[in-house]
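# Geometric and topological summary
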Amino acid sequence: MLSQLRPALVLLVALTALTGLAYPLAITGLAGTIFPAQAAGSLIARDGRVVGSRLIGQSFTSERYFQGRPSATSAADPADAAKTVPAPYNAANSAGSNLGPTSAALAERVRTDRDARAAENPGVPVPVDLVTASGSGLDPDISPEAALFQVPRVAKARNIAQNTLRDLVTAHVAGRDFGLLGEPRVNVLALNLALDDLARR
Amino acid sequence: MTLNGWFQIALFCAVVVALAKPLGGYMTRVFAGERTVLSPVLAPVERGLYRAAGIDAAQEQHWLAYALSMLAFHGLGFLALYGLLRLQTALPLNPDGQGAVAPDLAFNTAVSFVTNTNWQSYGGETTLSYLAQMLGLTHQNFLSAATGIALAVALVRGFSRASARTVGSFWVDLTRTTLYVLLPLCVVYALFLVSQGVPQTLGAAVEATTLEGARQTLAVGPVASQVAIKMLGTNGGGFFNANAAHPFENPTALSNFVQMVSIFALGAAMTNVFGRMVGDERQGWAILAAMGVLFLAGTAVLYWAEGAGSPVLDALGLTGGNMEGKEVRFGILASALFAAVTTAASCGAVNAMHDSFTALGGMIPLINMELGEIIVGGVGAGLYGILVFVIVTIFVAGLMVGRTPEYLGKKIEGREVKMAMLAILCLPLMMLGFTALATVVAAGLAGPANAGPHGFSEILYAFTSAAANNGSAFGGLSANTTFYNTTLGLGMLFGRFFVIVPALAIAGSLAAKKTLPASAGTLPTHGGLFVGLLVGVILIVGGLTFFPALALGPIVEHLAGGLGQTYPAGG
């Protein structure tokens, strides 16, 4: 057994240095040089302030904005650190709801959300992604249907013609990668930034 | 289910199969110690490592010495990682000030990474420093994967050699796999991931002010370098809590596709390595075909179940499939396919929350793991796992016709079959034994977040995932408790090493045998008949072992859900 110790120890230290330090640090250096924006987290700045990341969803509750999907993320309770409180789109603690298919809590939550959505745009079927929590709790996207579904509400809140908004949504639909992979989607933050720009003009 | 969905599945399979042959050819050269394109750069590094470690690259080991080297290496690796996690506060590269990891969590995490499981009791962005992520986790991702490959190669040498005492050198196999296979692929792969949007920075979390004026803390870090190896090495431990569902780990449908391919790439190529080393590539394709049959069957059910939606959503008139726990950019198909791939392959990375899958959709990942992750499987681990089943199949076939079973010219005798059964029986013992324990003690019953049969499924999934060294979870289970950290840690240890050691014993015993010429009575092992037999044996062994447990969990949940039954938490 003793004869195994030297190779074990030396290889462990050397390969640790190689794969645990040299490799990630080299990638950090290369990535920062070749793809600096992506390496830093695809951040979006407005007027010199970071307003978010292109890839990370954020919480929109105002009528005036397109809203993302329900988020099940939480944060430590300020009153009691041992407990957690709901904190949608907490990008420092990603999580899904983990509610199972026969969970009564899931049924209740989806029913409440569906009823609220249905009231906002009566007669139109509610897109399923608008009432289901994403896996990460940070989904930056909604389906094109979910964006179009919200047009009447946003149009009313902002006093903009629905057609103008529909065109804006359509312009923000990203198709499948190579027309094949994944699903069509709309980035909510990008759409809302464009919405604010529209208002400014 | 859509045409586009099936097309994505077909494209995925085509890419994996197309990569198997070139990767297999390259890896075979690496394991044989031959020169490769990378030798001019890497050979000096390799020689330097051997000199420093006092290794004679030409000296091979008996299977027992091979096993001891592997155990010594992992023993030290475990201690180093445990220490690193406990002491991360006192060490550099901790910009977000993460505290020391608790002893039971550090034990669980260290075991988890050493065994190539990467069960996440820890929440990456809330628990670990950048140093712990890089030096501890990234590095163990490499070494546990390289070990799996080394062990598979040792077992294959058992088949390909005749009257030999040795099965190769663990140190050489480990070093060459890391240097020539994993590291170069990861460099290219990590840079691709960054191009898609995966962060790679040593800066602290970013504070953003959202459009509505709220503060949002964006956790970042050296993510890409870890995600590359966690996929390629079928480790699966996420940089972030939400793993590959997190947009920073898996930003686009393209990155998702490449990640799925990378989970299967080396495992599938190992079947080709096997074929080449035993001198008949058809033997490798036959094994890959058996894996393919099982994979496609599971994927079809999973895709159908998720696409059909859940009773809760149906009752509210919501169509478009079960999107709870899934990301819009992946949708139903890419989430279902990823789940099938990650559990078939012992990876355990998840791009959707398996806990929120439909009852039948969640059962497929469970079955994939319960079969022992031999559907492509973990890098190396999948190959030695399925070869164990091959031995049992050959034995059963031999019994049917009353001949001494032989495979690739080697007589399969009592010793090999006993060792194979030991390896096969270890997994259900861990999976079902610990599940049974957890359902009768209070500390175990405190874990599930969901009530009713789904709560049972959460427990069963946890121990299945641990013993199979997968690492994915029904995430609702509160597993970061002393009870679960300890029992899951033990499950992972036994599930890994009680398969490895018998597999190595088989390698040693086979290597020592003479190779017999094929005769008219030899069962051909490269055709459809053998593939069918192998699939049959796998399904019968798995079915007999696990059907009762599945009936108590997903199956009863499916039936109850169909009747509109829901279960309130705590009920």
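So, how was this worked out
Residues numbered from 1 in each chain as written. Chains lettered and ligands numbered in written order. Predicted model: local features only at pLDDT ≥ 70, side-chain atom pairs only at ≥ 80, totals over all residues. Contact = placed C-beta atoms within 7 Å. Helix = DSSP H or I, 4+ residues; strand = E, 2+ residues; numbered from the N terminus. Nonpolar A, V, L, I, M, F, W, Y, C, P; charged D, E, K, R; others polar. Domains from an automatic or database assignment. Pairing = 2+ DSSP bridges. Axes fitted to C-alpha atoms, helices over the stretch in contact; angles between N-to-C directions.

### Regarding the interface of chain B and chain A
Taken together, the contact between chain B and chain A spans 109 residues of the former and 91 residues of the latter. It is helix α7 (residues 170–196) of chain B that provides the largest number of residues to the side of chain B that touches chain A, a total of eleven residues. Residue composition of the side of chain B that touches chain A, grouped by class: 60 nonpolar, 41 polar and eight charged.

### Here's the deal with the domain arrangement of chain A
Domain boundaries assigned for chain A yield domain 1 (2–37) and domain 2 (41–200). On a C-alpha basis, the centroid separation for the pair domain 1 of chain A and domain 2 of chain A is 39 Å.

### Considerations on the sheet that holds strand β7 (residues 185–187) of chain A
All names here are of chain A. In spatial order, the strands read β5-β7-β6; together these three strands make up an open sheet with antiparallel pairing. At either margin of the open sheet sits one strand with a lone partner, and together these are β5 (141–142) and β6 (173–174). Inspection of the sheet shows β6 paired to β7 by two bridges, in the antiparallel sense. Counted as the bridge partner of Val173 is Val186 from β7. Taken strand by strand, helix α7 (residues 188–200) contacts β5 and β7, and its axis lies near 55° from that of β7.

### What to know about the domain arrangement of chain B
All names here are of chain B. Domain assignment breaks chain B into domain 1 (21–278) and domain 2 (379–562). Using only C-alpha atoms to locate each centre, domain 1 and domain 2 end up separated by 24 Å. Taken together, the contacts link 44 residues of domain 1 with 40 residues of domain 2. Elements represented by at least two residues in the side of domain 1 that touches domain 2 include exactly α3 (63–86), α4 (103–114), α6 (130–160) and α9 (253–277). If you tally residues by element for the side of domain 1 that touches domain 2, the top one is α6, at eleven residues. Within the side of domain 1 that touches domain 2, the residues separate by chemical class into 22 nonpolar, 18 polar and four charged.

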